[in-house]
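Each chain, written out:
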Amino acid sequence: EVNREATRLALEVQALAAQAAALERAGRWSAAATLFEKIVERVPQHADAWYELGRLRRHAGQFDAALAAYATALERGVSGAEEVHLNRAVIYSD
């Protein structure tokens, strides 16, 4: 039962991420960010999802929210932390 739930959750997260990517390609950053918000609600330890949420919020001009998401990504051990720091620096320099 636990494995079935884990598999279901993984598939749900994968589907949400794919939908978010399609929205991002269409320039709909806020809508894509909303889907990543759903992912981190379901899997709060998903560091890379926090990074994507921060990146999309930055594109949408939601700089405080982007910084908060980036901070959480770093706390959760995001892969590619240097990219997070670079994106944070861009926000602070603007």
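Because the structure is predicted, anything quoted here is derived from the model rather than measured.

Definitions and limits used
Residues numbered from 1 in each chain as written. Predicted model: local features only at pLDDT ≥ 70, side-chain atom pairs only at ≥ 80, totals over all residues. Heavy atoms only, no water. Helix = DSSP H or I, 4+ residues; strand = E, 2+ residues; numbered from the N terminus. Rg over C-alpha atoms; globule rule 2.2 N^0.38 Å. Buried < 20%, exposed > 50% of the residue type's maximum accessible area, 1.4 Å probe, protein only. Contact = heavy atoms within 4.5 Å. Areas by Shrake-Rupley, 256 points an atom, 1.4 Å probe, with all protein chains shown as cover. Lys, Arg positive; Asp, Glu negative; His and termini not counted. Charge placed at Lys NZ, Arg CZ, Asp CG, Glu CD. Core = buried A, V, L, I, M, F, W, Y, C linked by side-chain atoms within 4.5 Å. Polar contact = N/O pair within 3.5 Å; in protein donor to acceptor, adjacent residues only side chain to side chain.

Remarks on the overall build of the chain
For step 1, the next point in the chain: Scanning the chain from N- to C-terminus turns up five helices and zero strands.
For step 2, the next point in the chain: For the chain, the succession of helices and strands along the chain, N to C, is α-α-α-α-α.
For step 3, the next point in the chain: A compact globule built from 94 residues should have a C-alpha radius of gyration of about 12 Å, and the chain, at 13 Å, falls within 12% of that.
For step 4, the next point in the chain: Its C-alpha atoms put the chain at 50 × 30 × 20 Å along the principal axes.
For step 5, the next point in the chain: Put simply, the chain has 94 residues, and 32% of those count as buried.
For step 6, the next point in the chain: Taking as baseline every contact in the chain between residues at least 6 positions apart, the subset at least 24 positions apart corresponds to 41%.
For step 7, the next point in the chain: In the structure as shown, the chain presents an accessible area of about 5600 Å², 53% of it carried by carbon and sulfur atoms.
For step 8, the next point in the chain: Positive and negative side-chain charges in the chain, numbering 11 and 13 respectively, have mean positions lying 5 Å apart.

Digging into the nonpolar core
For step 1, the next point in the chain: Counting 25 residues, the largest nonpolar core has Phe-36, Ile-39, Trp-50, Tyr-51, Leu-53, Tyr-70 and Val-78 as the members making the most contacts within it.
For step 2, the next point in the chain: Listed by contribution, the elements that provide at least two residues to this core are α1 (2-25), α2 (29-42), α3 (47-59), α4 (63-75) and α5 (81-93).
For step 3, the next point in the chain: Excluding its chain neighbours within four sequence positions, the residues that come into contact with Tyr-70 are Tyr-51, Gly-54, Arg-55, Arg-58, Val-84, Asn-87, Arg-88 and Ile-91.

Some remarks on the side chain of Asn-87
For step 1, the next point in the chain: Within the element layout of this structure, Asn-87 appears in helix α5.
For step 2, the next point in the chain: Accessibility expressed as a relative area gives 5% for Asn-87, which makes it buried.
For step 3, the next point in the chain: Within polar-contact distance, the side chain of Asn-87 engages the side chain of Tyr-70 at 3.3 Å.

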